[in-house]
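Remarks on the overall topology
Spelled out from the first residue to the last, the chains are:
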Amino acid sequence: MKVVAINGSPKSEGNTAYAITVVLKELESKGIETDVIHIGNSTVKGCTGCGMCSKNKDERCIIDDDVNIWIQQMKKADGLLFASPVYYSGINGTMKAFMDRVFYIGGANGGFFRHKVGASIVAVRRSGGLPAFQQLNTYLNYAEMMIPSSNYWNVIYGRVPGDARKDEEGNQIMRVLGRNMAWLMQMIDSTKDEIPKPIPEKKIYTHFL
């Protein structure tokens, strides 16, 4: 089994990256392979709403950039970890553009994030961590991903790189999340031949005009 983590921070070794390492260490201790995709230092254009990914059904965005490479890495993973710094009580712009596009593409091409194990974590200086955490979870819920929990909301605190190491509760939250994520993945894997997945339903759209 494999988990791919998405680092939405522009810093490759900041508090967001540190939180990722804490979670992944627990996963690796259970024999789960891990990888990190650092998207936060890249230029990711926002979704234009053209609908071509839905029309073409080729698992690609018409904007030909690294998102098309990353989405295939994510598709092959059994679990996904989404991590973002907090900007004005929300996820940062690069992460928002990335999430909009990959989840639109995934949904438009058969829902290939459906029933993968997915978790969200955020790093924040002081306030706004919970809204950003909930913002990430909105994508996971919509895609029918299986979401493990921790013993508190998945927020770690720190202002400058290295501060998060001092957040004892935040570190515990990340460790517990990693263990719970590994356990959920193992449970799903061990029962996949015994318990059939729920049959997906065609999406019903109700428009309020």
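Refer to the structure presented above.
It should be emphasised that the depicted structure is a prediction, and the values quoted were computed from it without experimental measurement.

Our focus in this paragraph is the side chain of Asn7. Residue placement: Asn7 occurs in strand E1 (residues 2-7). A distance of 3.0 Å separates the side chain of Asn7 from the backbone nitrogen of Ser9, its partner in a polar contact.

Relative orientation of the contacting elements helix H4 (residues 93-108) and helix H5 (residues 129-142) amounts to 10°, with a least axis distance of 11 Å. As far as their axial angle goes, H5 and H4 are roughly parallel. Residues Met95, Lys96, Met99, Asp100 and Phe103 of H4 form the contact with H5, whose participating residues are Gln135, Leu136, Tyr139 and Leu140. When its residues are assigned to classes, the contact of H4 with H5 shows six nonpolar, one polar and two charged.

To continue, consider the state of the cysteines. Here a disulfide denotes one covalent bond, and it connects the sulfur atoms of two cysteines. Taken as a whole, this structure holds zero disulfides when the rule is applied. Its sulfur unpaired, Cys61 is 6.4 Å from the next cysteine sulfur, which belongs to Cys50.

Taken together, the buried positions of helix H3 (residues 67-76) are Val67, Asn68, Trp70, Ile71 and Met74. For H3, the arc enclosing every buried residue in end-on projection is 160°, short of the 170-degree limit, so these residues lie on one face. Seen from the buried face of H3, the exposed residues on the opposite side, beyond 90 degrees, are Ile69 and Lys76.

Over its 15 residues, helix H1 (residues 15-29) extends 22 Å from the first C-alpha to the last, a length consistent with the 21 Å expected when each residue adds 1.5 Å. Most of H1 is tucked away: eleven of the 15 residues are buried. Of the residues flanking the end of H1, it is Gly31, one or two places downstream, whose phi is positive at about 85°.

Soluble globular proteins: nonpolar side chains tend toward being buried together. In this structure, Ile6, Phe82, Met95, Phe98, Met99, Phe103 and Phe113 are the most contacted members of the largest nonpolar core, which totals 37 residues. Those elements giving two or more residues to this core turn out to be E1, H3, strand E3 (79-87), H4, strand E5 (117-124) and H5. At eight residues, H4 tops the list of elements feeding residues into this core. Here Ile6 is in contact with Ile20, Ile37, Ile39, Met74, Leu81, Phe82, Ala83, Met95 and Phe98, once residues within four sequence places are set aside. With 25 residues, the next largest nonpolar core counts Val3, Ala119, Ala164 and Ile173 among its residues.

Our focus in this paragraph is the environment of Val176. Structurally, Val176 is set in helix H6 (residues 168-191). Its relative accessible area of 18% is what places Val176 among the buried residues. Linking Val176 and Ser149, residues 27 residues apart in sequence, is a C-alpha distance of 8.2 Å. Apart from residues no more than four positions distant in its own chain, Val176 is found in contact with Ser149, Ser150 and Asn151.

Scanning the entire structure with this criterion turns up six aromatic pairs. Ring plane angle 45° and centroid distance 5.5 Å describe the contact between Phe103 and Tyr139, whose orientation is recorded as tilted. Taken together, the residues span a long stretch of sequence, with Phe103 in helix H4 and Tyr139 in helix H5 at a distance of 36 residues. The burial state of Phe103 is the same as that of Tyr139; both residues are buried. Feature note: the residues Phe82, Phe103, Phe112, Phe113 and Tyr139 constitute an aromatic cluster, connected by ring pairs. Of note, Lys75 hangs over the ring of Phe112, and the distance from its end group to the ring centre comes to 5.4 Å. Above the ring of Tyr205, the side-chain terminus of Lys203 is found at 6.0 Å from the ring centroid.

Procedures and definitions
Residues numbered from 1 in each chain as written. Predicted model: local features only at pLDDT ≥ 70, side-chain atom pairs only at ≥ 80, totals over all residues. Heavy atoms only, no water. Helix = DSSP H or I, 4+ residues; strand = E, 2+ residues; numbered from the N terminus. Polar contact = N/O pair within 3.5 Å; in protein donor to acceptor, adjacent residues only side chain to side chain. Axes fitted to C-alpha atoms, helices over the stretch in contact; angles between N-to-C directions. Parallel < 35°, antiparallel > 145°, perpendicular 65-115°, else oblique. Contact = heavy atoms within 4.5 Å. Nonpolar A, V, L, I, M, F, W, Y, C, P; charged D, E, K, R; others polar. Disulfide = S-S within 2.5 Å. Buried < 20%, exposed > 50% of the residue type's maximum accessible area, 1.4 Å probe, protein only. Arc of directions from axis to C-beta. Expected span 1.5 Å × (residues − 1). Core = buried A, V, L, I, M, F, W, Y, C linked by side-chain atoms within 4.5 Å. Phe/Tyr/Trp six-rings, centres within 6.5 Å; stacked < 30°, edge-to-face > 60°. Lys NZ or Arg CZ within 6 Å of the ring centre and 35° of its normal.

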